[in-house]
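Secondary and tertiary structure notes
If you want the building blocks of each chain, they are given just below.
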Amino acid sequence: MGVTKEQVEATLTSKLKPTHLEVVDTSGGCGASFVIEIVSEQFEGKRLLERHRVVNSALEEEMKEIHALSIKKALTPEQWKQQLEAEKSKPAA
């Protein structure tokens, strides 16, 4: 059996203490493919590539069974707040 969405969430929560975390299993339930959106203070001062490395490092054990990991967003809390405010200020389509 592959990795579960809950395992990925638990690992990222314990290691990166995110203020926002969304994990989607895109593998159809076999645990081989995930899409992640994460907001953490641990990303402060890090460029995007470094943030992705932090996430991959946190999931080191899980990555042995995961075939595809898409990090959709890896933001600092301030960037997340700005993004939410920008989305609110957009006129409705």
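This section reports on the structure supplied with the text. (Residues numbered from 1 in each chain as written. Predicted model: local features only at pLDDT ≥ 70, side-chain atom pairs only at ≥ 80, totals over all residues. Heavy atoms only, no water.)

Attention shifts here to the side chain of Glu62. Within the secondary structure, Glu62 is located in the loop between helix H2 (48-58) and strand S3 (68-75). Despite being buried, Glu62 has no salt bridge partner; Lys15 is the closest side chain of opposite charge, sitting 5.6 Å away. (Helix = DSSP H or I, 4+ residues; strand = E, 2+ residues; numbered from the N terminus. Buried < 20%, exposed > 50% of the residue type's maximum accessible area, 1.4 Å probe, protein only. Lys, Arg positive; Asp, Glu negative; His and termini not counted. Salt bridge = Lys/Arg side-chain N within 4 Å of Asp/Glu carboxyl O.)

Within the secondary structure, Ser89 is located in helix H3 (residues 77-89). Given the relative accessible area of 59%, Ser89 is considered exposed. Here the side chain of Ser89 touches Ala86 through a polar contact of 2.9 Å, landing on its backbone oxygen. (Polar contact = N/O pair within 3.5 Å; in protein donor to acceptor, adjacent residues only side chain to side chain.)

This part covers the packing of helix H1 (residues 5-16) against H2. At a minimum axis distance of 9 Å, the contact between H1 and H2 shows a crossing angle of 115 degrees. Where H1 crosses over H2, the two elements pack in a sense that is right-handed. Across the interface between the two elements, Thr11, Leu12, Lys15 and Leu16 of H1 pack against Val54, Val55 and Ala58 of H2. Grouping the amino acids of the contact of H1 with H2 by side-chain chemistry returns five nonpolar, one polar and one charged. (Axes fitted to C-alpha atoms, helices over the stretch in contact; angles between N-to-C directions. Left-handed = near helix turned anticlockwise from the far one by under 90°. Contact = heavy atoms within 4.5 Å. Nonpolar A, V, L, I, M, F, W, Y, C, P; charged D, E, K, R; others polar.)

Right, let's talk about unusual backbone geometry for a bit. Within the chain, Lys17 stands out as a residue other than glycine whose phi angle is a positive 45 degrees. Take Lys17: it is sitting in the loop between H1 and strand S1 (20-25).

As paired strands, strand S2 (residues 33-39) and S3 are joined by seven bridges and run parallel to one another. Counterpart to Val39 in the pairing with S3 is Leu75. Read from S2 through H2 to S3, the crossover connection turns out right-handed. (Pairing = 2+ DSSP bridges. Right-handed = clockwise from strand over helix to strand, strands pointing away.)

Scope: geometric values only; no functional claims are made or implied.
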